Amino acid sequence: MAFTLSQNYPNPFNPTTTIEVGLPVRSDLSLKIYDVLGREVRSFEYAQVPAGLHQIVWDGKNRHGALVASGVYLYQLRAGSVVMSKRMMLVR
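This text gives an overview of the structure that appears in the document. Nothing here was measured: the structure is a model prediction, and the numbers come from that model.

So, about the overall build of the protein chain. Secondary structure assignment for the protein chain yields zero helices and seven strands. Reading the helices (α) and strands (β) of the protein chain from amino to carboxyl end gives β-β-β-β-β-β-β. For 92 residues, the compact-globule estimate of 2.2 N^0.38 gives 12 Å, and the C-alpha radius of gyration of the protein chain, at 13 Å, lies within 12% of that figure. Its C-alpha atoms give the protein chain principal-axis dimensions of about 35 × 20 × 20 Å. Split into buried and exposed, the 92 residues of the protein chain put 36% on the buried side. Put simply, 51% of the contacts in the protein chain that link residues at least 6 apart link residues at least 24 apart. Working note: accessible area of the protein chain is about 5,200 Å², and carbon and sulfur atoms make up 55% of it. With 10 positive and 6 negative side-chain charges, the protein chain shows a separation of 4 Å between the mean positions of the two kinds.

Printed below as a string of structure tokens:
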């Protein structure tokens, strides 16, 4: 198994979406969500996640718990030295 970052589903989404991450080895994992201007909207940080497939659910809210606007968002995985990113669309 290699590091994987799957396309979120459903996409477009409202109100929640699931992002699947595959880890070949135990790793610290960071998944950050950015708006199209590059501003961080939400962050998920996990320490020493075991190898395997993992799901992260985003509820369309920012770090303060407020709903974010419709639009395109980027999500970025960092695990060890691996960095991957994809796009998703929220439709309210």
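Next up on the list: the nonpolar core. In terms of nonpolar packing, the biggest core is built from 20 residues, with Leu-31, Ile-33, Trp-58, Tyr-73 and Met-88 touching the most fellow members. Counting only elements with at least two residues in this core, the list comes to strand 2 (17-23), strand 3 (27-35), strand 4 (40-49), strand 5 (52-58), strand 6 (71-79) and strand 7 (82-90). Ranked by residues supplied to this core, first place goes to strand 6 with four residues. Beyond its immediate stretch of four places on either side in the chain, Tyr-73 contacts Ile-33, Tyr-34, Asp-35, Val-41, Trp-58, Val-68, Lys-86, Arg-87, Met-88 and Leu-90.

Under the criterion given, the structure shown has four salt bridges. In this structure, the salt-bridge partner of Asp-35 is Arg-39, at a minimum N-O distance of 2.7 Å. In this structure Asp-35 comes out as buried when scored by relative accessible area, which is 12%. In this structure, the salt-bridge partner of Arg-42 is Asp-59, at a minimum N-O distance of 3.1 Å. Residue Arg-42 is found in strand 4, and its partner Asp-59 is found in the loop between strand 5 and strand 6; the two are separated by 17 residues along the sequence.

Cut-off values and rules
Residues numbered from 1 in each chain as written. Predicted model: local features only at pLDDT ≥ 70, side-chain atom pairs only at ≥ 80, totals over all residues. Heavy atoms only, no water. Helix = DSSP H or I, 4+ residues; strand = E, 2+ residues; numbered from the N terminus. Rg over C-alpha atoms; globule rule 2.2 N^0.38 Å. Buried < 20%, exposed > 50% of the residue type's maximum accessible area, 1.4 Å probe, protein only. Contact = heavy atoms within 4.5 Å. Areas by Shrake-Rupley, 256 points an atom, 1.4 Å probe, with all protein chains shown as cover. Lys, Arg positive; Asp, Glu negative; His and termini not counted. Charge placed at Lys NZ, Arg CZ, Asp CG, Glu CD. Core = buried A, V, L, I, M, F, W, Y, C linked by side-chain atoms within 4.5 Å. Salt bridge = Lys/Arg side-chain N within 4 Å of Asp/Glu carboxyl O.

Note that all results are geometric; they support no functional claim without further evidence.
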